[in-house]
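Fold and contact review
Chain by chain, the residues:
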Amino acid sequence: MPVTLHRMVDEAAMRRPDGDAARCDGAGLTWQELAVRVNGVARALLDTGVRRGDRVAVLLGKSLDVPAAFYGVLAAGGALVPIDPKSPVEQISRILRATGATRLVTEPGRRKTVADLLAADVDLSHTIGLEPGDTGSVPTLPWSAVDQLASDRPLVVNVGGLDTSYVLHTSGSTGEPKLIRHTHSSALAFVEWAVETYGLRPDDRLSNHSSHHTCFATFDFYAAARAAATTVILTPAAMLMPASLAQVIEGERVSIWYSVPTALVQLLLRGNLEERNLASLRWVLFAGETFPEKHLHHLRARLPSARFSHVYGSTEVNVCTYYHLPEKDAAPSPLPIGRPCSNTEALVVDDALEEVTGGGTGELLIRGSTVMSGYWGDPDRNRRVLVRRPAPGGFDDIYFRTGDRVRTLSDGNLTFAGRADLQVKVRGYRVELEEVETALLGLAPVHEAAAFAVSDGEGSSIVRAAVVVDPNVEVTQKSLLDGLKTSLPLYAVPSEIEILSSLPRTPTGKVDRKKLVAALADDGETHA
Amino acid sequence: MMVKLMHDDRPVNPAGIQRRILDFIGEELIAEGLDIGPDDDLLSGELLDSVAVLRLATFVDETFAIGMKPTDFLVENFQNARVLAAYVVRATRDRESDG
């Protein structure tokens, strides 16, 4: 078993040199070609003085450069910080500052973003992927020069399993992103589980649907590498146009699919599946939110060759439980989140962290080798969520508090029972309602703000908000929405903002969300 | 070439359709002050999200009454305002020859 993620590239290149490592938009990159490019990126980074553990940010759209950049950072001994290319500049600067990443691997199409980052005084010492002249006084190396650095000489870099592999970002309630640190060991523990559970093999072709800063991508790329299989990187255009997406799945003979349910629902409703042959699909994995039952039922009927697996976890723990839908029979309702993965202990506890027995509802704690090592630079939060309590055998060990409420069914499967906080899921993305409120309050005319979620009727949530504004300033919903787009990712921007003269309050003075939702959301079931 | 619209009998050429599409995107889907042209990529994933793309599709379908089908959700029909306008012209012609 490899000790580091990038070691898997060398192994796959020996095992299957001419097999495709990745495909994107009709083009491919073999494992041998990838190994050479990884070597080039690593050398370029080492030339800039990267040392073991230094954070290196990667800001790329969907392309064949993604795996080269990812493994190149790791092979140089760096800690990868993949950035969501949909993030506004403000959010990207926060991530770079908080992680201390001063090197950025990017592409020519993002020169404006990089210029904006430099204008915002972000400390970048080197960039890779831009042309000289694009970055002012910051040294840069274009991709063409990176490729020339590659050689067969092995890199002598000492990296161990407990070194940081990557730092992923998700929504945080204060507006500061949560930065989740994984090691090579925690990533590989997940990879081993995935390869074994889904029987991944060299002829498999795994979809990469999600943005590469998410934990979904750890499956799409790293589990594929462990099996010397192929990752089919889907372009945003294909993801937005379901009929085109179905053509790509057929043409690329995708065998393993992993995404949020929303993407599969779009494929079912607008993918023209009756005219496609998708018999290559053997596993369909979905996670992140509820799959509406009627759609799941129809999709299973459309894809008779595929087994379906409901996967549960979070960026902090990779995947921690899973439920394979029965091969022939109808799926139970609601769909359980299943049983713990082979290397995971799942414990349901009450507020005092004592185990809840007899099928009662409680918070889910996770202990296992796939759990993150902690939030980057946030010791207070780490103390709150990585707690010590007795493990089987009587010694104390570290458990991760998921914040998810679950209960154990009589057959031993776990079922999801809601969140303990104000986190909601919008098309699979985590959104903290407090973050939306913080962003609203950051707009000059906004005096008070409250965000809430309503159901979209398809298993996902829609964020809405209400504000009280300065009566002396002319404010429209449009001007508020435009303002939010500079600080929040698009999926977190409310679909509607009501401008009210006051917000309903509880006797203690807190915003009364229940009353607010009842007054404004007459068209959907509420989540918070 | 002139295409007759079904709902208001106002003849509109492809350039006019393109203008209305760009106006809708500018006014409803993207932040004020962002400039967008007929060849700008609507499907980069960074300008419009999936909800905005669906709103655009609904606007086009209702405004030009083309009877959009699920099978029309193709990259080649939506990549930019120019090809989207051309698709509206084709769909209108198909509809008129059907009816």
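In this report, the structure presented in the accompanying data block is examined. (Residues numbered from 1 in each chain as written. Chains lettered and ligands numbered in written order. Predicted model: local features only at pLDDT ≥ 70, side-chain atom pairs only at ≥ 80, totals over all residues.)

1. Here we look at the overall build of chain B
Within chain B, the secondary structure is distributed over four helices and two strands. Beginning at the N terminus, the succession of helices and strands in chain B can be written as β-β-α-α-α-α. Looking at chain B residue by residue over its 99 residues, the buried ones come to 31%. Partitioning the contacts of chain B with sequence separation of at least 6, the portion at a separation of at least 24 is 65%. (Helix = DSSP H or I, 4+ residues; strand = E, 2+ residues; numbered from the N terminus. Buried ≥ 20, exposed ≤ 12 C-beta atoms within 10 Å, placed from the backbone. Contact = placed C-beta atoms within 7 Å.)

2. Some points on the interface of chain B and chain A
Facing 16 residues of chain B, the contacting portion of chain A comprises 19 residues. Looking at the side of chain B that touches chain A, the elements with two or more residues in it are helix 2 (50–64) and helix 3 (75–78) of chain B. Classifying every residue of the side of chain B that touches chain A gives eight nonpolar, five polar and three charged. (Nonpolar A, V, L, I, M, F, W, Y, C, P; charged D, E, K, R; others polar.)

3. Notes on the sheet that holds strand 27 (residues 496–499) of chain A
All names here are of chain A. The three strands lie next to each other as 25-26-27, forming an open sheet whose pairing is mixed. The open sheet has two edge strands with one neighbour each: strand 25 (446–455) and strand 27. Between one strand axis and the next, the sheet turns through 25 degrees on average, direction left out of account. With respect to the sheet, helix 14 (residues 433–441) is in contact with strand 25 and strand 26 (461–469), its orientation differing from that of strand 25 by roughly 150 degrees. Sheet strands touched by helix 16 (residues 513–520): strand 25, strand 26 and strand 27. Its angle to strand 25, the strand with the most contacts, is close to 70 degrees. (Pairing = 2+ DSSP bridges. Axes fitted to C-alpha atoms, helices over the stretch in contact; angles between N-to-C directions.)

4. Quick notes on helix 15 (residues 477–484) of chain A
Of all the positions in helix 15 of chain A, only Leu480(A), Gly483(A) and Leu484(A) are classed as buried. Taken around the axis of helix 15 of chain A, the buried residues stretch over an arc of 100 degrees, which confines them to a single face. (Arc of directions from axis to C-beta.)

5. A few points about the nonpolar core
Residues and elements named next belong to chain A. Within the largest apolar cluster, 162 residues are counted, with the highest numbers of intra-cluster contacts made by Val41, Val56, Val58, Val73, Val81 and Met241. Apart from the residues lying within four places of it in its own chain, the contact partners of Val58 are Ala69, Phe70, Val73, Leu80, Val81, Pro82, Ile83 and Val105. Grouped together as the second largest cluster of nonpolar side chains are 31 residues, Tyr429, Val431, Leu516 and Val517 included. (Core = buried A, V, L, I, M, F, W, Y, C linked by C-beta atoms within 7 Å.)

6. Thoughts on unusual backbone geometry
The omega torsion of the bond from Ser333(A) to Pro334(A) falls at -5 degrees, within 30 degrees of zero and hence cis. Among the secondary structure elements, Pro334(A) is positioned in the loop between strand 15 (318–324) and strand 16 (339–340).

7. Let's talk about the packing of helix 11 (residues 261–270) of chain A against helix 12 (residues 293–302) of chain A
When two helices pack together, you describe them by how their axes are tilted relative to each other and by the distance separating the axes. Residue and element names in this part refer to chain A. Between helix 11 and helix 12, the shortest axis-to-axis distance is 10 Å and the interhelical angle comes to 65 degrees. The two elements helix 11 and helix 12 cross, and the hand of that crossing is left-handed. Across the interface between the two elements, Leu264, Val265 and Leu268 from helix 11 touch His295, His298, Leu299 and Arg302 from helix 12. In terms of residue class, the contact of helix 11 with helix 12 is made up of four nonpolar, two polar and one charged. (Left-handed = near helix turned anticlockwise from the far one by under 90°.)

8. Some details on helix 8 (residues 216–226) of chain A
Where burial is concerned, most of helix 8 of chain A is hidden: 11 out of the 11 residues are buried. Residue Ala228(A) follows helix 8 of chain A closely and has a positive phi angle near 55 degrees.

9. Side note on the environment of Asp512(A)
Residues and elements named next belong to chain A. Structurally, the position occupied by Asp512 is in the loop between strand 27 and helix 16. According to the C-beta neighbour criterion, Asp512 is partly exposed, with 17 such atoms within 10 Å. Each C-alpha atom, one on Asp512 and one on Ala450, is 9.1 Å from the other, the two residues being 62 residues apart in sequence. The residues touching Asp512, leaving out its near neighbours within four places in the chain, are Pro504, Arg505 and Thr506.

Just geometry here; none of it tells us what the structure is for.
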